[in-house]
Amino acid sequence: MRNPTMQAPAPRTLISARALSTPRGRVIYWSVLVAVIVLFTAVFVFPLYWMATGALKSSGELARTPPTIFPRHPHPGVYREAWQRLSLERYLLNTLVYAAGAWLLQLAVCVPAAYALSKLRPVLGRAILGMMLATLMIPPTVLLIPLYLTVRDLPFLHVNLLNTPFAIWFPAAANAFSVFLLKRFFDSIPRELLEAAAIDGASSWRILRSIVLPISRPILAVVSIFAVVNVWKDFVWPLLVLPDSNRMTVSVAISSLSNQTPENILIAALVIASVPAIAVFLLFQRHIMAGLTAGGLKG
């Protein structure tokens, strides 16, 4: 029988503890670590840098071969010109309205669905979840025509939703991936906690509102960010359902005006359109990592 006082063996790693204890081993370890971090950071950050500095270049410098890494004669005023020339404030406001509505509707639909599948466990719940996840295997382009026909003539009500925010909100409301993330998180919440609340007379809605949702803030942040960013970066669907120029999203508006706009102004508009999504990610990066790795309550 194994002695309980014996220490567990140290985990095996790529570099042994003995090698790290030597000056040469520490130098090699930190050199490789810093080099890998710098390399991966450059791979992800360089496209953003290239876009931001490309707007500062003149049209002639943008067309130069080989391209210049740093702008020779920066033109910071190009961002103000892009804002005024393309009327970006209108299209950014349109996109903000579409993203906010899609976010609220997605939470209103996916949270109760995930809670029911996780804690209420309806009949054929696993089959329903399986069919939901099966929709993730379907390429989005295959669904464009059925979705468009549905939005153009809403079943039973026979209402045309084209050129309305509902054409963006309704398709984004039910998201199988969000339901899956939420259900996995709800599964980790101890059932004893919910049963104790039920014994005290709390209804299922009260338990969801007062216990489950406060615990689930990390995963709710993740789902919220995905919902907002998906609407913000979408192009094909808004192009189909919002043909009115006054109701376009910012990505569609920039594309439609690209033929009559100089390249540096166009790149500046793309930078401005990207700033909100990047800012949301940077502000809530901690919540993204916490939500994807959280395991609910322990003990």
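The shown structure was predicted, so the numbers you read here are calculated from the model rather than taken from an experiment.

Scanning the chain from N- to C-terminus turns up 16 helices and zero strands. Considering the chain as a whole, with its 299 residues, one finds that 30% of them fall into the buried category. When the accessible surface of the chain is summed, it comes to about 19,200 Å², and 68% of that surface belongs to carbon and sulfur atoms.

Once that is clear, we can look at the side chain of N94. Along the chain, N94 falls in helix α5 (residues 88-120). Note on N94: relative accessible area 14%, which makes it buried. Dropping the residues within four chain positions of it, N94 is found in contact with N246, R247 and M248.

Moving on to the nonpolar core. The biggest cluster of nonpolar side chains holds 36 residues, and the ones touching the most others in it are L88, I168, V241, V250 and I254. For this core, the elements supplying multiple residues, two or more each, are α4 (78-85), α5, α8 (166-173), α12 (217-233), α13 (236-241), α14 (250-256) and α15 (263-283). If you tally residues by element for this core, the top one is α15, at eight residues. When sequence neighbours within four positions are dropped, the list of residues in contact with V241 reads Y148, L162, N163, A167 and I168.

It is worth spelling out a nonpolar patch on the surface at this point. On the surface, a nonpolar cluster with roughly 770 Å² of combined accessible area is contributed by I28, V32, V36, L39, F40, V43, F44 and V45. Mapped onto the elements, F44 comes out in helix α2 (residues 23-54). Overall, the relative accessible area of 60% leaves F44 in the exposed class.

Before going further, it helps to spend a moment on α2. The first and last C-alpha atoms of α2 sit 44 Å apart over 32 residues, in line with the 46 Å expected at 1.5 Å per residue. At V45, α2 shows its maximal bend, which comes to roughly 40°, and the proline P47 appears one to four places after that position.

Its location among the elements puts E61 in helix α3 (residues 59-62). For E61, which is buried and forms no salt bridge, the nearest opposite charge comes from R72, at a distance of 5.0 Å. Of the polar contacts made by the side chain of E61, one reaches the side chain of T68; its length is 2.9 Å. For E61, the residues in contact, after removing those within four places along its chain, are T68, F70, P71, R72 and H73.

This part is about the packing of helix α11 (residues 204-215) against α12. Between α11 and α12, whose axes approach to 5 Å, the crossing angle comes to 75°. Classified by the angle between their axes, α11 and α12 sit roughly perpendicular to one another. Note on element contacts: α12 touches α11 through R217, P218 and L220, opposite L213, P214 and I215. Of the residues contributing to the contact of α11 with α12, the split by class is five nonpolar, no polar and one charged.

Rules used throughout
Residues numbered from 1 in each chain as written. Predicted model: local features only at pLDDT ≥ 70, side-chain atom pairs only at ≥ 80, totals over all residues. Heavy atoms only, no water. Helix = DSSP H or I, 4+ residues; strand = E, 2+ residues; numbered from the N terminus. Buried < 20%, exposed > 50% of the residue type's maximum accessible area, 1.4 Å probe, protein only. Areas by Shrake-Rupley, 256 points an atom, 1.4 Å probe, with all protein chains shown as cover. Contact = heavy atoms within 4.5 Å. Core = buried A, V, L, I, M, F, W, Y, C linked by side-chain atoms within 4.5 Å. Patch = residues over 30% accessible without salt bridge, like charges linked within 9 Å, V, L, I, M, F, W, Y side chains within 5 Å. Salt bridge = Lys/Arg side-chain N within 4 Å of Asp/Glu carboxyl O. Expected span 1.5 Å × (residues − 1). Bend = angle between axes of the 7 residues up to and from the residue. Lys, Arg positive; Asp, Glu negative; His and termini not counted. Polar contact = N/O pair within 3.5 Å; in protein donor to acceptor, adjacent residues only side chain to side chain. Axes fitted to C-alpha atoms, helices over the stretch in contact; angles between N-to-C directions. Parallel < 35°, antiparallel > 145°, perpendicular 65-115°, else oblique. Nonpolar A, V, L, I, M, F, W, Y, C, P; charged D, E, K, R; others polar.

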